[in-house]
Amino acid sequence: MATLEIENLQADVGEEGGETILRGVDLTVDSGEIHALMGPNGSGKSTLGKVIAGHPAYDVTGGSVTLRLDGNEFGEEIPEDMQEWDLLDLEPNERAALGIFLGFQYPVEIEGVTMVNFLRTALNTKLEEREELFEEEEAEAEAEDEEEAEGYESSPMEGPADEGEIGVAEFQQILQEKMELLDMDESFASRYLNVGFSGGEKKQNEVLQAAILEPEIAVLDEIDSGLDIDRLQDVSDGINALRDEEGAGILQITHYQRILDYVEPDHVHVMLDGEIAKSGDADLAEQLEDEGYDWVREEVYEAA
Amino acid sequence: MSSEEIQETDTEARFEFKKEESSAFQTEKGLTEETIRVISEDKNEPEWMLERRLRALRLFQEMPMPTDWPGQPDLSEVDVDEIVPYIRPDIEARGGADNWEDLPDEIQDTFDKLGIPEAEKQALSGVGAQYESEIVYQNMKEQWEDKGVVFMDMDRAVQEHPDVLREHFMTSCVPPSDNKFAALHGAIWSGGSFVYVPEDTTVEMPVQAYFRMNSEGMGQFEHTLIIAEDNAEVHYIEGCSAPKYSEFNLHSGGVEVFVGENAHVQYSTVQNWSRNTYNLNTKRAICEADGTMEWVSGSMGSKATMLYPSTVLKGPGATDNHITIAFAGEGQDIDTGAKVYHNAPDTKSTIESKSISKDGGRTNYRGLVHIADGAENSSTAVECDALMFDNDSTSDTMPYMEIQESQVDVAHEATVGKIGDEDVFYLQSRGLDDDDAKQMIVAGFIEPITEELPIEYAVELNRLIELEMEGSLG
């Protein structure tokens with residue numbers, strides 16, 4: 001179990017005179033919960049996702065993002081002083097190692113890197129990084145020194161030097177299972193990362209990556225945009241499996257009720273002008289679908 | 001000194017004697033006819049080869065240093081006179097270090113990081129004893145000999161295949177008059193390899209193992225001559241990613257390839273020169289009707305590199321493919337490219353160039369595609385992609401086209417970009433740290449090259465680039 005706790009989070013675009021986007025966001029997502037985050041364009045939904053993951057384009061000017069872990073996590077005892085992590089202090093890859101996942105609205109294309117190579121590297125690196133984070137600081141420094149001194153252990157003639165924790169064969173099996181779950185064709189594994197993928201395939205691929213990396217909390221940014229109905233079903237199955245089988249907490253950013261019919265949210269939040277303006281249950285999403293956001297805005301301004 | 005005396009003494013004694021006798025030329029500065037005669041005599045070369053060397057020397061002395069190419073690397077520090085002690089067999093000081101321990105630390109370090117076995121390290125770096133996998137080589141040699149394939153070092157080829165060499169050695173393909181450094185090469189070349197593949201013969205295994213392990217093949221002025229007769233097929237691989245160190249800072253190799261009708265030659269090279277080296281080479285292929293020439297080159301290391309493998313598509317239906325990659329780090333100027341001459345109808349060429357620059361390094365693609373009048377229905381496609389790591393680094397593209405025929409298909413694409421922050425963040429959000437993310441992007445960027453190379457070269461090239469990117473190479 002883990003909890004992502006966002007308190008009074010404020011952030012600007014990271015340049016001189018950068019616009020303020022987040023103006024005090026409060027939001028808590030627990031493992032096993034599905035939250036839908038809705039709101040008009042430009043309200044700060046995507047920025048919130050990026051700031052949680054550590055995107056360098058934004059400066060956090062106030063507030064906190066904290067990840068709380070249980071005493072027993074990742075199949076290990078977690079000592080008390082390592083259960084609480086200030087994510088804003090950590091690099092994006094360290095946040096990933098602790099179980100934060102961001103599904104991109106616009107996944108990038110990386111030429112020449114096959115899916116299978118990328119995913120196995122990511123999984124192994126994540127496991128390694130996590131181990132390092134939980135080691136005492138001193139031990140960590142030592143381990144790094146050692147690594148550097150060693151260089152490569154084998155001759156290039158003898159094949160790859162570093163197999164990582166999950167070997168090629170084992171990984172193939174994991175990948176195959178997850179791809180079946182998402183109804184993805186086997187040929188995806190040997191394609192270059194997102195290169196030439198259709199919009200829908202890219203979104204499917206984001207969910208596949210989440211399924212493989214098994215995050216504690218997954219932020220999925222408009223995972224439903226550009227999906228036809230069949231693929232919407234596959235992607236939804238994938239998201240539900242993340243929650244049901246892996247116990248992940250989901251923060252789903254969306255404009256449409258449509259996906260919420262398949263992935264039923266426990267909580268729905270409306271973001272307006274960089275703040276959570278209103279929260280409710282699944283009914284709220286339906287009301288938004290029917291009536292738009294204006295009534296929420298009116299309600300908020302009346303209250304103020 | 002009479003010639004009889006020479007025959008009676010062994011080589012070493014002969015030069016001992018010479019050294020004592022003529023202190024005059026030890027003090028004599030510069031590359032002279034005398035030096036060339038000593039080299040040729042030491043190799044026991046026939047008169048015609050000596051004549052060619054001397055003619056090349058005269059051309060070298062006449063030709064001006066190239067200084068007026070737009071944006072060319074600065075060659076003002078190349079002092080050819082300093083070369084003499086390294087090429088005269090009668091002078092003790094040689095290019096390499098005598099002991100592994102004498103090599104600069106950064107070179108030793110790179111070998112360690114590349115994970116190259118000890119014995120091989122010593123040979124590859126140019127230290128002392130040769131390391132050869134005798135058994136492997138012997139097996140390959142027998143297989144080849146049965147087919148009539150010749151594969152030997154150039155010095156021996158001059159002795160054993162004089163007719164073929166007289167016809168092909170620096171005549172129609174790379175004459176010494178081609179450029180100043182081709183002329184220099186013609187005068188002082190030494191070592192390299194000669195490959196002859198008879199008609200209708202395919203050399204199954206890439207011809208590489210021997211030269212990977214034999215330092216003879218990788219000198220500073222090595223000459224490679226490849227002749228593939230009609231319908232022959234060969235993949236030749238030269239060099240390796242291990243850094244090649246020499247105190248003298250010029251590498252000037254020559255490569256000549258003759259591709260017969262419907263023959264297929266692939267020439268792949270990955271070279272990594274130490275950071276003090278000027279790498280100035282001339283490589284050219286002549287391709288007959290329906291023949292195919294493929295160049296795959298990785299240019300790493302060096303202070304400055306100027307390298308533009310060229311292909312003359314002489315016969316109708318001939319094809320040329322170029323794939324090149326260049327990496328420039330701090331203080332490096334890597335000027336590479338390709339040249340293709342379409343001199344017959346229905347000829348095709350593709351050029352794919354990738355370059356990476358980092359920490360203020362500069363890469364430049366300099367290419368020429370010439371389509372002659374009458375070479376109708378020819379096509380060419382040129383693609384240059386440059387990846388820069390930071391704002392201090394530079395990348396230029398100079399793709400010249402000379403099109404004299406109207407019935408042709410010409411395509412050119414160039415992309416120059418900084419490594420994408422969004423790409424790096426995407427990979428970071430999946431667990432890779434900043435360095436690993438960039439390494440993965442670069443490995444993907446050069447994938448078209450690495451997939452052309454045998455696996456162990458591809459692995460080494462990737463490791464080398466990883467090391468370059470960490471900035472942990474000297």
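All values reported here derive from a predicted model rather than from experimental measurement. (Residues numbered from 1 in each chain as written. Chains lettered and ligands numbered in written order. Predicted model: local features only at pLDDT ≥ 70, side-chain atom pairs only at ≥ 80, totals over all residues. Heavy atoms only, no water.)

### What about the overall build of chain A?
Stage number 1. The number of helices and strands found in chain A is 10 helices and 12 strands.
Stage number 2. Counting only contacts in chain A whose residues sit at least 6 apart along the sequence, the fraction spanning at least 24 positions is 72%.
Stage number 3. With an accessible surface of roughly 14,000 Å², chain A has 40% of that area assigned to carbon and sulfur atoms. (Helix = DSSP H or I, 4+ residues; strand = E, 2+ residues; numbered from the N terminus. Contact = heavy atoms within 4.5 Å. Areas by Shrake-Rupley, 256 points an atom, 1.4 Å probe, with all protein chains shown as cover.)

### Quick look at the packing of aromatic side chains
All names here are of chain B.
Stage number 1. Counted under the stated rule, the structure contains 9 aromatic pairs over all chains.
Stage number 2. With 5.7 Å between their ring centres and 20 degrees between their planes, Tyr-236 and Tyr-267 make a pair best called stacked. You can see Tyr-236 sitting in strand β4 (residues 233–238) and its partner Tyr-267 sitting in strand β8 (residues 264–273), a full 31 residues away along the chain. There is no split in this pair, since Tyr-236 and Tyr-267 are both buried.
Stage number 3. When the centroid spacing of 5.4 Å and the interplanar angle of 65 degrees are considered together, the rings of Tyr-267 and Trp-295 count as edge-to-face. Taken as a pair, Tyr-267 in strand β8 and Trp-295 in strand β11 (residues 292–301) lie far apart in primary sequence, 28 residues in all.
Stage number 4. Look at Tyr-267 and you get buried, because its relative accessible area is 1%.
Stage number 5. For Trp-295, a relative accessible area of 1% translates into the label buried. (Phe/Tyr/Trp six-rings, centres within 6.5 Å; stacked < 30°, edge-to-face > 60°. Buried < 20%, exposed > 50% of the residue type's maximum accessible area, 1.4 Å probe, protein only.)

### Here we look at the nonpolar core
Stage number 1. Within the largest apolar cluster, 115 residues are counted, with the highest numbers of intra-cluster contacts made by Leu4(A) and Leu48(A).
Stage number 2. For this core, the leading source of residues is helix α3 (residues 115–134) of chain A, giving 8 residues.
Stage number 3. When residues no more than four places from it in sequence are discounted, the contact partners of Leu48(A) are Ile6(A), Leu9(A), Leu22(A), Val25(A), Leu27(A), Leu37(A) and Met271(A).
Stage number 4. In terms of nonpolar packing, the next biggest core, distinct from the first, is built from 32 residues, Val203(B), Val255(B), Tyr267(B) and Ala338(B) among them. (Core = buried A, V, L, I, M, F, W, Y, C linked by side-chain atoms within 4.5 Å.)

### Section: the sheet that holds strand β2 (residues 20–30) of chain A
All names here are of chain A.
Stage number 1. Pairing within the open sheet is antiparallel, and its 4 strands lie in the order β2-β1-β4-β7. Each of the sheet's edge strands pairs with one partner strand only, and the pair in question is β2 and β7 (84–86). Geometrically, the sheet is characterised by an average inter-axis angle of 5 degrees between neighbouring strands, direction not taken into account.
Stage number 2. In this sheet, strand β4 (residues 58–69) lies alongside strand β1 (residues 2–13) in antiparallel orientation, the contact comprising 10 bridges. Bridged to Gln-10 within β4 is Gly-62. (Pairing = 2+ DSSP bridges. Axes fitted to C-alpha atoms, helices over the stretch in contact; angles between N-to-C directions.)

### Digging into the environment of Asn249(B)
Residues and elements named next belong to chain B.
Stage number 1. If you trace the backbone, Asn-249 turns up in the loop between β5 (243–244) and β6 (250–251).
Stage number 2. Through-space distance from the C-alpha of Asn-249 to that of Asp-79 is 8.9 Å; in sequence the pair is 170 residues apart.
Stage number 3. Once residues lying within four places of it in the same chain are set aside, the contact partners of Asn-249 are Glu-77, Asn-276, Thr-277 and Tyr-278.

### Examining the confidence of the model for chain A
Stage number 1. With 90% of its residues at a pLDDT of 70 or more, chain A shows a mean pLDDT of 88.
Stage number 2. Note that pLDDT drops below 50 for residues 147–161 of chain A; the model gives that stretch 25 contacts with residues more than four away or on any other chain. (pLDDT = per-residue confidence, 0-100.)

### What about the sheet that holds strand β12 (residues 275–280) of chain A?
Residues and elements named next belong to chain A.
Stage number 1. The 6 strands are arranged β8-β9-β10-β3-β11-β12 in an open sheet whose pairing can be described as mixed. Each edge of the open sheet carries a strand with a single partner, namely β8 (100–103) and β12. For this sheet, the mean inter-axis angle between neighbouring strands, taken without regard to orientation, is 20 degrees.
Stage number 2. Sheet analysis places strand β3 (residues 34–38) next to strand β10 (residues 249–253), joined by 4 bridges and oriented parallel. Opposite Leu-37, over in β10, you have Ile-253 as the bridge partner.
Stage number 3. Where helix α10 (residues 294–303) meets the sheet, its contacts fall on β11 (267–272) and β12, and the angle it forms with β12 comes to roughly 110 degrees.

### Let's talk about unusual backbone geometry
Stage number 1. In the Ramachandran plot, Asn194(A) falls in the positive-phi region, its phi being about 65 degrees despite a non-glycine side chain.
Stage number 2. Within the element layout of this structure, Asn194(A) appears in the loop between α5 (168–181) and α6 (199–213).
Stage number 3. Using a relative accessible area of 0% as the deciding quantity, one classes Asn194(A) as buried.
Stage number 4. Despite not being glycine, Asp290(B) shows a phi value in the positive range, around 60 degrees.
Stage number 5. Secondary-structure assignment places Asp290(B) in the loop between β10 (282–287) and β11.
Stage number 6. Take Asp290(B): its relative accessible area is 45%, and that puts it in the partly exposed class.

### Re the packing of α5(A) against α6(A)
Angle between the axes and distance between the axes are the two parameters that describe a pair of packed helices.
Residue and element names in this part refer to chain A.
Stage number 1. In contact at an axis separation of 10 Å, α5 and α6 are set at 130 degrees when each is read in the N-to-C sense. Relative to α6, the element α5 lies oblique. Crossing angle aside, the handedness with which α5 passes α6 is right-handed. Of the residues in α6, those in contact with Phe-171, Leu-175, Lys-178 and Met-179 of α5 are Leu-208, Ala-211 and Ile-212.
Stage number 2. Its residues placed into classes, the contact of α5 with α6 shows 6 nonpolar, no polar and 1 charged. (Parallel < 35°, antiparallel > 145°, perpendicular 65-115°, else oblique. Left-handed = near helix turned anticlockwise from the far one by under 90°. Nonpolar A, V, L, I, M, F, W, Y, C, P; charged D, E, K, R; others polar.)

### Regarding helix α14 (residues 421–428) of chain B
In an α-helix, one turn spans 3.6 residues; hence positions three or four apart end up facing the same way.
Stage number 1. Listed in full, the buried residues belonging to α14(B) are Val424(B), Phe425(B), Tyr426(B), Leu427(B) and Gln428(B).
Stage number 2. Buried residues along α14(B) sit in contact with α1 (45–53), α2 (92–98), β8, α3 and α6 of chain A together with α15 (434–445) of chain B.

### Examining the pairing of strand β12 (residues 304–307) of chain B
Residue and element names in this part refer to chain B.
Stage number 1. Burial along β12 is two-sided: the face carrying Ala-304 and Met-306 and the face carrying Thr-305 and Leu-307 are both buried.
Stage number 2. Here 3 bridges tie strand β9 (residues 278–280) to β12, and the two strands are oriented parallel to one another. In the sheet register, Leu-280 faces β12, and the bridge partner there is Met-306.
Stage number 3. Across 4 bridges, β12 lies against strand β15 (residues 333–342) in parallel orientation. By the bridge assignment, Leu-307 is partnered in β15 with Thr-336.

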